[in-house]
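# A look at the structure
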Amino acid sequence: MNIRTLTKLEFQNYLGLNEIRYAKDPGVKKNRGLIFGTIIFLMVVFAGYMTGQSIGLSKLGLTGYIPIIYFALAFMANLCMGIYKAKSAIYRERDIDQMSAFPVNGVSIVASRVFRMYVDNLILALIIIIPSMIVYTVNIGSGVSGYIFIIPLCLVLPILPSAISAWVGILFAAIIARNRHKVLTEVLLALVLVIGSFVISGVISSKAGMGTPGAFAHKNEINEQISAEITKMLSEKMEALEEAFPPMKLIENIMNNANVAGLLIYAAISLAVFAITVFFIGSRFFSISKRLFNTRIHRQYSMEGLKKKSIMTALLKKEAARYFSSGIYVSNTIIGFVLAIVFAVALGFIDIETMISNAGEIPIKLNADAGIGYILAITFSMMSISASSISMEGKNWWIMRTLPLEAKEILGAKLLFNLIVAAPFYTLSEIILLFTVNAGVMERLWLIIIPLMVLLYSVLLGLFCNLKLPKFNWEKESDVVKQSAATGLSLLGGLVIIIFFLGAVVVPAAYTNLFNLGITAILGALCILFYRKIVKTDLAGLN
């Protein structure tokens, strides 16, 4: 009964549906409706992308590889996303005291929260699997039985990655709980996880020999012979990939052979691992939570003489204290900055022009070097600190609203703090590019200006979105940092930079400077527009 009740509470306001249905404030309904609409829009776009990819594989005669590719993709996506949010999903500081007072055991709490992780993973898996499997079944003519078989596969697939993610969550929580500097430890673990994911992905891809085959260049000349060559080549690559990632063999066997027995065995193993995971983590839930969120006195404090500080200094100090007190906040917003340095270093070992030439003949000439500055800029626009800075105030926002300060001062401090955090990473990446990229004077100038302008744009866009869609009533910090509408919209705004990147590599080299000048002017105009809107915000009406 406890598990049932707690699970119901977990989904009480899933995706903000309860607030959309029952909120009396029209503003709240509008905001929640916008969030929900944005989520649905992203799902539709992603599903359409999966459909297009599957149709492309089918036209090349590679229909038989669709199940193995997309089920493996769903599995890995579930695993990566689950690991990334496992700790914050299971352990929540805001309700630990309340849960400790309730007559419930840790197993019931963990069961409800891991089940929610499973539902999140299921939605992601459905978006990947359903479109690709429809294309697959239509092309092989499997009939109704093929469509029916997809349903149990989709339901079973996310169980195992959810359980594995929970194990990583308890491991991270145990490590953090045993360290004095908890925020620093959490940030380092998150960075290790992200960088490790890139390394593992690269190792698997290199082991499998994955790459864009030159044969695909014959875009309008694909005949039976070329198709046979492509199929043979990709068959070899898929076999190598199966050796690099063994679970793919089981997935392929279950789907291609409609292996009910294999599916049942996989389901039984997944449920067993799930049950063991819930019991083990649940039996240690309160002990880890107690150590994870405890408060220690590091030193004896004594009253000293008061020091006068400027308004901006005091506000920046407050922003720094709030930012560095949250491991989730730091780890999620610093990853893009770290990837910028990783990319700058990687350019010393890879040749983009060679990579493009290995991809085969391309109908248009690409200016790859012109896109380097935009790729670096994309890392700086991944997730800005300012997109969560208002919402992270939570129930303390009333203090900021009642201060005898103008919006320009309060919000300006949030913008400036974001830039201060980004400055060392931006500077270091630019210094590294001096040694890893050969460029002329103008090319070097654009490598400096483009990332800087995009950084300013992303910071201002993030705060603008957060002012329009604040979220003060949150249960855990990850709701604000990872799942808020402001964060989502700021990421969508960052997609504009990808469009600029595509334009930069397509534009002839003779017009690159003119193109970059135009992009700089556009970004500058957007920055001015966002800043003017931000400083005119009525903080008293923001709640």
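The structure displayed is predicted, hence computed values, not measured ones.

Along the chain, the regular secondary structure elements total 24 helices and zero strands. Taken across its 543 residues, the chain has 47% of its residues classed as buried. In the chain, the proportion of contacts linking residues at least 24 apart, taken out of those at least 6 apart, comes to 83%. A total of about 27900 Å² of accessible surface is found on the chain, and carbon and sulfur atoms cover 67% of it.

Here we come to the environment of Ile450. In this fold, Ile450 is placed in helix H21 (residues 441–468). Here Ile450 falls in the buried class, since its relative accessible area comes to 1%.

This part takes up the confidence of the model for the chain. This prediction gives the chain a mean pLDDT of 78; 79% of its residues lie at or above 70. Here residues 205–223 is a poorly scored stretch, pLDDT under 50, and it has 28 contacts once near neighbours within four places are set aside; other chains count.

Per the counting criterion, the structure on display carries four cavities of 30 Å³ or more. Its volume calculated, the largest cavity comes out at about 160 Å³. Taken together, Ile83, Tyr84, Lys87, Ser88, Phe172, Glu186, Ala190, Leu193, Ile328, Ser331, Asn332 and Lys482 make up the full set of residues lining the largest cavity. Elements represented by at least two residues in the lining of the largest cavity include exactly helix H4 (66–90), helix H9 (182–208) and helix H15 (327–346).

Let us now look at the nonpolar core. Tyr323, Ile334, Phe337, Phe380, Ile390, Leu411 and Leu523 are the most contacted members of the largest nonpolar core, which has 70 residues in total. No other element matches the 13 residues that H21 contributes to this core. In this structure Ile334 touches Val187, Leu191, Tyr323 and Phe425, once residues within four positions along its chain are discounted. In terms of nonpolar packing, the next biggest core, distinct from the first, is built from 31 residues, Ile66, Tyr70, Ala125 and Tyr266 among them.

Another point: the pattern of salt bridges. The full count for this structure, using the stated rule, is four salt bridges. For Lys318, the salt bridge goes to Glu393, with nearest N and O atoms at 2.7 Å. With a gap of 75 residues between them, Lys318 in helix H14 (residues 311–323) and Glu393 in the loop between helix H18 (386–389) and helix H19 (397–402) connect regions that are remote in the sequence. By relative accessible area, Glu393 is classed as buried at 7%. A salt bridge links Lys414 to Glu393, with the nearest nitrogen and oxygen atoms 2.9 Å apart. Residue Lys414 is found in helix H20 (residues 407–436), and its partner Glu393 is found in the loop between H18 and H19; the two are separated by 21 residues along the sequence. Put simply, Lys318, Glu319, Glu393 and Lys414 are held in one network by salt bridges that share partners.

Assignment of secondary structure puts Ser429 in helix H20. Within polar-contact distance, the side chain of Ser429 engages the backbone oxygen of Tyr426 at 2.8 Å. Contact partners of Ser429, with chain neighbours within four places excluded, come to Ala340, Ile341, Ala344, Leu376 and Phe380.

A separate point is the environment of Ser331. Its location among the elements puts Ser331 in helix H15. Classification of Ser331 as buried rests on a relative accessible area of 5%. In this structure the C-alpha to C-alpha distance between Ser331 and Leu188, which are 143 residues apart in sequence, comes to 7.7 Å. Ser331 has contacts with Glu186, Val187 and Ala190, leaving out every residue within four places of it along the chain. Within polar-contact distance, the side chain of Ser331 engages the backbone oxygen of Ile328 at 3.3 Å.

On to the packing of H14 against H20. Relative orientation of the contacting elements H14 and H20 amounts to 60°, with a least axis distance of 9 Å. Taken as axis vectors, H14 and H20 run oblique relative to one another. The handedness of the crossing between H14 and H20 comes out as right-handed. Contact residues: Ile311, Met312, Leu315, Leu316, Lys318, Glu319, Ala320 and Tyr323 in H14; Glu409, Ile410, Gly412, Ala413, Lys414, Leu416, Phe417, Ile420 and Val421 in H20.

Here H15 is 20 residues long and its end C-alpha atoms lie 27 Å apart, about the 28 Å a rise of 1.5 Å per residue gives. Counting buried positions over the 20 residues of H15 gives 17, a clear majority of the element.

Geometrically, a pair of aromatic rings is defined through the distance of the ring centres and the angle of the planes. Within this structure, the stated rule accounts for 14 aromatic pairs. Each member of the aromatic cluster is reached from another via a ring pair, and the members are Tyr323, Phe324, Tyr329 and Phe417. The ring of Phe280 carries the charged tip of Arg284 above its face, separated from the ring centre by 4.0 Å.

Side chains of Leu126, Ile130, Ile134 and Val138 sit close together on the surface and give an oily, nonpolar patch of about 300 Å² of accessible area. Relative to the helices and strands, Ile130 resides in helix H6 (residues 106–140).

Let's shift gears to H14. For H14, built from 13 residues, the straight-helix expectation of 18 Å at 1.5 Å per residue is met to within 8% by its first-to-last C-alpha distance of 18 Å. Here H14 has its buried residues at Leu315, Leu316, Glu319 and Tyr323. Looking straight down H14, one finds its buried side chains confined to an arc of 100°; they lie on one side. Turned more than 90 degrees away from the buried face of H14 sit Lys317 and Ala321, all of them exposed. Next to the buried residues of H14 lie H15, H19 and H20.

Rules behind the numbers
The residue numbering used here restarts from 1 in each chain and proceeds along that chain's sequence as written. Where totals are concerned, whole chains, interfaces and linings use all residues; where local detail is concerned, this predicted model gives features only for residues with pLDDT of at least 70, and gives and counts side-chain atom pairs only at 80 or more. Side-chain descriptors were evaluated using all non-hydrogen atoms of the structure, hydrogens and water having been removed beforehand. Note on conventions: DSSP H or I runs of at least 4 residues are helices, E runs of at least 2 residues are strands, and numbering of each starts at the N terminus. Relative accessible area decides the class of each residue, using a 1.4 Å probe on protein chains only: under 20% of the type maximum gives buried, over 50% gives exposed, and in between gives partly exposed. The criterion used for residue contact is that any of the two residues' heavy atoms lie within 4.5 Å. For the accessible areas, the method is Shrake-Rupley and the probe is 1.4 Å, while residue cover comes only from the protein chains on display. How sure the predictor is of each residue is captured by pLDDT, a score from 0 to 100. Residues are said to line a cavity or pocket when one of their atoms sits within 4 Å of a point; the points come from a 1 Å grid over protein atoms alone, cavities being sets where a 1.4 Å probe fits but cannot get out and pockets being open sets with protein on both sides within 12 Å along at least five of seven lines. Grid points are joined across faces, edges and corners, and a volume is the space filled by probe spheres set on the points. Grouping buried Ala, Val, Leu, Ile, Met, Phe, Trp, Tyr and Cys residues that are joined through side-chain atoms within 4.5 Å yields what is termed a nonpolar core. When a carboxyl oxygen of Asp or Glu lies within 4 Å of a side-chain nitrogen of Lys or Arg, that pair is called a salt bridge. Contacts described as polar in this section are N or O atom pairs within 3.5 Å, which, within protein, must combine one atom able to donate a hydrogen with one able to accept it, while residues neighboring in sequence count only if both atoms come from side chains. Convention adopted: a line fitted to C-alpha atoms gives each axis, helices being fitted over their contacting stretch, and angles between N-to-C directions are expressed from 0 to 180 degrees. Should an angle fall under 35 degrees it is taken as roughly parallel, and over 145 as roughly antiparallel, whereas 65 to 115 is taken as roughly perpendicular and any remaining angle as oblique. A clockwise turn of the near helix away from the far one marks a right-handed crossing, whereas an anticlockwise turn of less than a right angle marks a left-handed crossing. To estimate how far a helix should extend, the number of its residues minus one is multiplied by 1.5 Å. Any pair of Phe, Tyr and Trp rings, taking the six-membered ring for Trp, is counted once the centres come within 6.5 Å. Such a pair is stacked with planes under 30 degrees apart, edge-to-face with planes over 60 apart, and tilted for the rest. Cation placement over rings: the criterion is NZ of Lys or CZ of Arg within 6 Å of the ring centroid and within 35° of the ring normal. Each patch is built from residues that are more than 30% exposed by relative accessible area and take part in no salt bridge. Like charges join if they lie within 9 Å; nonpolar side chains (Val, Leu, Ile, Met, Phe, Trp, Tyr) join within 5 Å. Taking the helix axis as origin, the arc is that swept by the directions to the C-beta atoms.

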